[in-house]
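# Structural description and commentary
Residue-level listing of the chains:
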Amino acid sequence: MIAYAECEFIIPTSHSLKEKRAVLQRMLTRTKQKFNVSISEIDHQDLWQRTRIAIVCVASSIDASDRELTHAINYLESYPEWERAETIREHL
């Protein structure tokens with residue numbers, strides 16, 4: 001089963017695209033290494049205090065994919081340099 005989420009984050013401490021990309025790249029890399037998910041920025045690439053990322057997990061059961069996706073989202077939320085504004089979840 002496939003679990004999908006889009007999360008929008010605000011990075012209030014970022015004052016340039018370079019600062020935003022540093023925060024974003026660090027978190028995307030850590031999340032990929034720690035969880036069985038694919039993750040990428042999908043919107044707001046030209047805004048320096050906002051980002052929208054997509055997270056996808058594929059597993060043998062819907063419960064397993066949903067659990068892994070939830071852990072990844074909670075991990076991203078725990079990072080103090082940004083705050084989550086919105087999340088959309090789907091099962092495919």
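Residues numbered from 1 in each chain as written. Predicted model: local features only at pLDDT ≥ 70, side-chain atom pairs only at ≥ 80, totals over all residues. Heavy atoms only, no water.

Attention shifts here to the nonpolar core. Ranked by internal contacts, the top residues of the largest apolar core, which has 21 residues, are I53, I55, L76 and W82. Of all elements in the fold, only β1 (2-10), α1 (17-34), β3 (50-58) and α2 (62-77) reach the threshold of two or more residues within this core. Here I53 is in contact with A5, E6, C7, F9, L24, L28, I39, S40, E41, I42 and L76, once residues within four sequence places are set aside. (Core = buried A, V, L, I, M, F, W, Y, C linked by side-chain atoms within 4.5 Å. Buried < 20%, exposed > 50% of the residue type's maximum accessible area, 1.4 Å probe, protein only. Helix = DSSP H or I, 4+ residues; strand = E, 2+ residues; numbered from the N terminus. Contact = heavy atoms within 4.5 Å.)

Before going further, it helps to examine α1. The end-to-end C-alpha distance of α1 is 25 Å, a good match for the 26 Å that 18 residues give at a rise of 1.5 Å each. Taken together, the buried positions of α1 are occupied by K20, V23, L24, M27, L28 and T31. Projected down its long axis, α1 shows its buried positions confined to an angular sector of 125°, all on one face. In α1, the exposed residues that point more than 90 degrees away from the buried face are K18 and Q33. Contacts made by the buried residues of α1 are with β2 (38-43), β3 and α2. (Expected span 1.5 Å × (residues − 1). Arc of directions from axis to C-beta.)

On to the pattern of salt bridges. Counted according to the given criterion, the structure contains 8 salt bridges. A salt bridge links R52 to E6, with the nearest nitrogen and oxygen atoms 3.1 Å apart. One end of the pair, R52, is in strand β3; the other, E6, is in strand β1, with 46 residues separating them in the sequence. With a shortest N-O distance of 2.4 Å, E77 and R84 are connected by a salt bridge. (Salt bridge = Lys/Arg side-chain N within 4 Å of Asp/Glu carboxyl O.)

As a further point, take the side chain of S14. If you trace the backbone, S14 turns up in the loop between β1 and α1. Setting aside its immediate chain neighbours within four residues, S14 contacts E19, K20, W48 and Q49.

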